[in-house]
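Chain residues, written in single-letter form:
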Amino acid sequence: MSASALRRRAFPPNWGARATALGLVIYAIYALGQLDITWARLSLGFGEAGRFLARMWPPNFSRAELLIEGLLESLQIALISSALGILFALPLGLMAARNLAPWPLSVATRGFIAFCRSLHYVIVAILFVKAIGFGALAGVAALTIASMGFIAKLFAEAIEEISMKQVEAIRATGASFGAVLIYGVLPQVASRFIGFSLYQLDSNLRNSTLVGIVGAGGIGGTLFAAFKRFDYDFVAAILLSIIALIFIAELVSARIRVLLR
Amino acid sequence: MQTGAMQGLVIKGLVKEYVPGKPVLRGINLAIAPQGITAVIGPSGTGKSTLLRCINRLVEPTAGEILLNGHDLVPLRGRGLRMARRRIGMVFQEYNLVERLTVMENVLSGRLGYVSFWQAWMRRYPEADIARAFSLLDAVGLPEQATRRADALSGGQRQRVGIARALMQQPELLLADEPTSSLDPRTAVEIMELMTGLSTSANVPLVVNIHNVDLARRFAQRIIGMAGGEIVFDGPPEALQPGHLRQIYGGEDWL
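Remember, predicted model here, so these are calculated numbers, not experimental data.

Right, let's get into the overall build of chain B. Check the secondary structure of chain B and you find nine helices and ten strands. Scaling as 2.2 N^0.38, a compact globule of 255 residues should have a C-alpha radius of gyration of about 18 Å, and chain B matches this with 18 Å. In terms of overall dimensions, chain B has C-alpha extents of about 50 × 40 × 35 Å along its principal axes. The burial tally for chain B puts 42% of its 255 residues in the buried class. Long-range contacts, defined as pairs at least 24 residues apart, comprise 68% of the intrachain contacts of chain B with a sequence gap of at least 6.

Each helix and strand in chain A was counted, giving eleven helices and zero strands. Reading chain A from its N end, one meets helices and strands in the order α-α-α-α-α-α-α-α-α-α-α. The globule rule puts the C-alpha radius of gyration for 261 residues at 18 Å, and the 25 Å found for chain A is more than 25% above it. The principal-axis extent of the C-alpha atoms belonging to chain A is close to 70 × 65 × 35 Å. With 261 residues in all, chain A has 35% of them scored as buried. Put simply, of all contacts in chain A between residues at least 6 apart along the chain, 71% involve residues at least 24 apart.

Formed by 116 residues in total, the largest nonpolar core has its most connected members in A:Ala125, A:Ala142, B:Ala39 and B:Val107. If you tally residues by element for this core, the top one is helix 7 (residues 136-160) of chain A, at 15 residues. Non-local contacts of A:Ala142, meaning those with residues more than four positions away in its chain, are made with A:Tyr121, A:Val124, A:Ala125, A:Phe128, A:Val211 and A:Ala216. Membership of the second largest hydrophobic core comes to ten residues, among which are A:Leu67, A:Leu223, A:Ala226 and A:Phe234.

In this section: helix 9 (residues 177-210) of chain A. With 34 residues, helix 9 of chain A extends just 42 Å between its outermost C-alpha atoms, more than 12% less than the 50 Å of an ideal straight helix rising 1.5 Å per residue. The largest bend in helix 9 of chain A is about 60 degrees, located at A:Leu186, with the proline A:Pro187 one to four residues further on.

Let's shift gears to the interface of chain B and chain A. Between chain B and chain A, the contact holds 22 residues from the first and 18 residues from the second. Taken together, the elements giving at least two residues each to the side of chain B that touches chain A come down to helix 2 (78-85) and helix 4 (117-121) of chain B. Taken together, the residues that form the side of chain B that touches chain A break down as ten nonpolar, six polar and six charged.

This part covers the sheet that holds strand 2 (residues 22-32) of chain B. Residue and element names in this part refer to chain B. If you trace the four strands from one edge of the open sheet to the other, you get 2-1-4-5, paired in antiparallel fashion. Two strands close off the open sheet at either side, each with one partner strand: strand 2 and strand 5 (71-72). Relative to strand 2, strand 1 (residues 9-19) runs antiparallel, the two being bridged by eight bridges. Across the sheet, residue Glu-17 finds its bridge partner in strand 2, namely Pro-23. Packed on one face of the sheet, helix 1 (residues 48-55) meets strand 1, strand 2 and strand 4 (63-68) and runs near 60 degrees to strand 2.

What follows is about the packing of helix 5 (residues 103-118) of chain A against helix 7 of chain A. Residue and element names in this part refer to chain A. Following both chains from N to C, one finds helix 5 and helix 7 inclined at 130 degrees, their axes separated by 8 Å at the closest point. Taken together, the axis directions place helix 5 and helix 7 in an arrangement best described as oblique. Crossing hand, helix 5 versus helix 7: left-handed. Contacts between helix 5 and helix 7 pair Ile-113, Cys-116 and Arg-117 from the former with Ile-145, Met-148, Gly-149, Phe-150, Ala-152 and Lys-153 from the latter. Of the residues contributing to the contact of helix 5 with helix 7, the split by class is six nonpolar, one polar and two charged.

On to the confidence of the model for chain B, then. Low pLDDT marks regions whose predicted coordinates should not be analysed in detail. Across chain B, pLDDT averages 92, with 97% of residues at or above 70. Among the prediction metrics, the complex's ipTM stands at 0.91, with pTM recorded as 0.82.

At the junction of A:Trp57 and A:Pro58, the peptide bond is cis and its omega measures out at -5 degrees in the coordinates. Tracing the sequence through the fold places A:Pro58 in the loop between helix 3 (39-56) and helix 4 (64-96). Positive phi outside glycine occurs at B:Arg57, with the angle close to 65 degrees. As for its position among the elements, B:Arg57 is in the loop between helix 1 and strand 4. Of note in this structure, B:Asn96 is not a glycine but carries a positive phi near 50 degrees. Of note, B:Asn96 is situated in the loop between strand 6 (88-91) and helix 3 (103-108). For B:Asn96, a count of 24 C-beta atoms within 10 Å corresponds to the buried category.

What counts, and at which threshold
Residues numbered from 1 in each chain as written. Chains lettered and ligands numbered in written order. Predicted model: local features only at pLDDT ≥ 70, side-chain atom pairs only at ≥ 80, totals over all residues. Helix = DSSP H or I, 4+ residues; strand = E, 2+ residues; numbered from the N terminus. Rg over C-alpha atoms; globule rule 2.2 N^0.38 Å. Buried ≥ 20, exposed ≤ 12 C-beta atoms within 10 Å, placed from the backbone. Contact = placed C-beta atoms within 7 Å. Core = buried A, V, L, I, M, F, W, Y, C linked by C-beta atoms within 7 Å. Expected span 1.5 Å × (residues − 1). Bend = angle between axes of the 7 residues up to and from the residue. Nonpolar A, V, L, I, M, F, W, Y, C, P; charged D, E, K, R; others polar. Pairing = 2+ DSSP bridges. Axes fitted to C-alpha atoms, helices over the stretch in contact; angles between N-to-C directions. Parallel < 35°, antiparallel > 145°, perpendicular 65-115°, else oblique. Left-handed = near helix turned anticlockwise from the far one by under 90°. pLDDT = per-residue confidence, 0-100.

And the structure:
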């Protein structure tokens with residue numbers, strides 16, 4: 001092998017990336033020290049955790065009525081807010097797509113979508129609880145805004161990636177703008193839109209169990225009250241029920257996805 | 001000559017500049033009779049595709065007139081433009097079928113300029129349209145494929161659907177932009193035979209951009225050679241000499 005071939009390197013070292021990685025490791029060690037995370041603190045914490053877990057067993061399902069009522073309310077919040085979010089996201093996504101909408105409209109719509117997504121849904125739920133009072137309505141409103149923002153953003157991005165050749169062919173037939181949408185655009189993005197919607201429904205099932213903690217309806221309120229009263233066996237029952245609900249939802253949405261292939 | 005009396009396609013002084021000051025088409029003048037097959041040949045990037053797309057206004061002309069059966073297409077907007085487009089069928093190089101729709105939906109999309117939004121959405125096409133779509137599928141040799149999705153077809157089959165879609169418009173003019181460039185040589189000949197046969201029997205003039213000079217000679221009654229955004233040859237296939245090809249494509253080693 002000649003000397004010049006040895007000097008050619010197929011994989012030159014990236015010193016910048018190595019230095020960054022080393023810096024991150026050093027900072028993580030420093031941060032651990034700052035936060036006073038020590039072995040003594042850890043062993044104390046794990047001891048407490050053992051006692052806490054022991055009090056959770058066995059789960060207490062005696063207040064099943066309260067439990068089911070809360071779960072059903074959470075389920076309803078999730079379904080209604082997902083449906084409303086999907087409904088609003090469809091036009092918003094179309095208006096935000098830069099390859100279809102005129103730029104002033106798409107910029108304005110993108111701004112609105114970013115606004116919907118800027119605050120965490122729990123903060124939005126607190127705002128709605130303050131504005132329209134305790135209960136499921138505040139939870140539905142908060143999760144609708146979150147779903148709308150999430151689906152509209154991903155939907156707009158999916159539309160921007162479609163093949164314009166197919167759209168061009170439909171335009172060339174003399175189709176109106178509406179007909180171009182339903183023949184040239186939606187067939188290309190429909191399955192992804194349904195995918196985003198199912199994912200958001202999944203997320204909303206989880207999210208709807210949380211908004212109750214701030215008073216926006218659902219099982220979360222019951223869970224928070226049980227924590228405050230140290231009813232850890234009831235807490236365990238609620239948590240197991242939520243996990244079961246999410247598992248069922250996962251199975252159902254996986255089945256729907258298969259059917260839509 | 002009176003404008004109203006001129007049949008076929010008449011192009012006058014057509015200029016297209018994508019970048020101001022750099023014309024792709026430099027004042028094209030062309031008259032195409034309301035029947036017959038015209039092949040446009042020329043090197044890549046010489047404006048053949050732009051010329052075709054200016055006719056159905058997928059590309060906006062910078063200057064000039066395009067008259068189809070006496071009516072200027074260039075100033076049309078909105079509804080007027082859609083009414084003009086539905087009279088012009090187009091076949092594309094990469095077929096441009098809507099992949100996730102069925103073959104039948106793709107063929108019927110040729111009627112989108114004629115049916116209402118509601119009819120299109122609900123697939124409530126007039127019986128006559130559906131019957132015509134089935135007979136076109138028979139004519140292009142896909143009698144059993146109506147309910148298959150377009151992305152399940154081979155290239156040659158897709159182009160057959162593309163031809164059926166264009167003819168579904170009952171066009172007064174058929175444009176084909178490199179319809180055989182994505183196909184193998186044998187399928188290319190089959191597609192050219194099908195397209196020229198169907199447009200001739202429907203009495204629709206066909207303008208086809210084509211790379212393959214042999215296919216152009218074989219199927220066209222008139223050949224237009226373009227180079228540098230201008231027409232440098234216009235005549236029957238027999239008149240096309242190696243000298244012309246040198247002028248169109250440059251160089252001579254390949255001849």
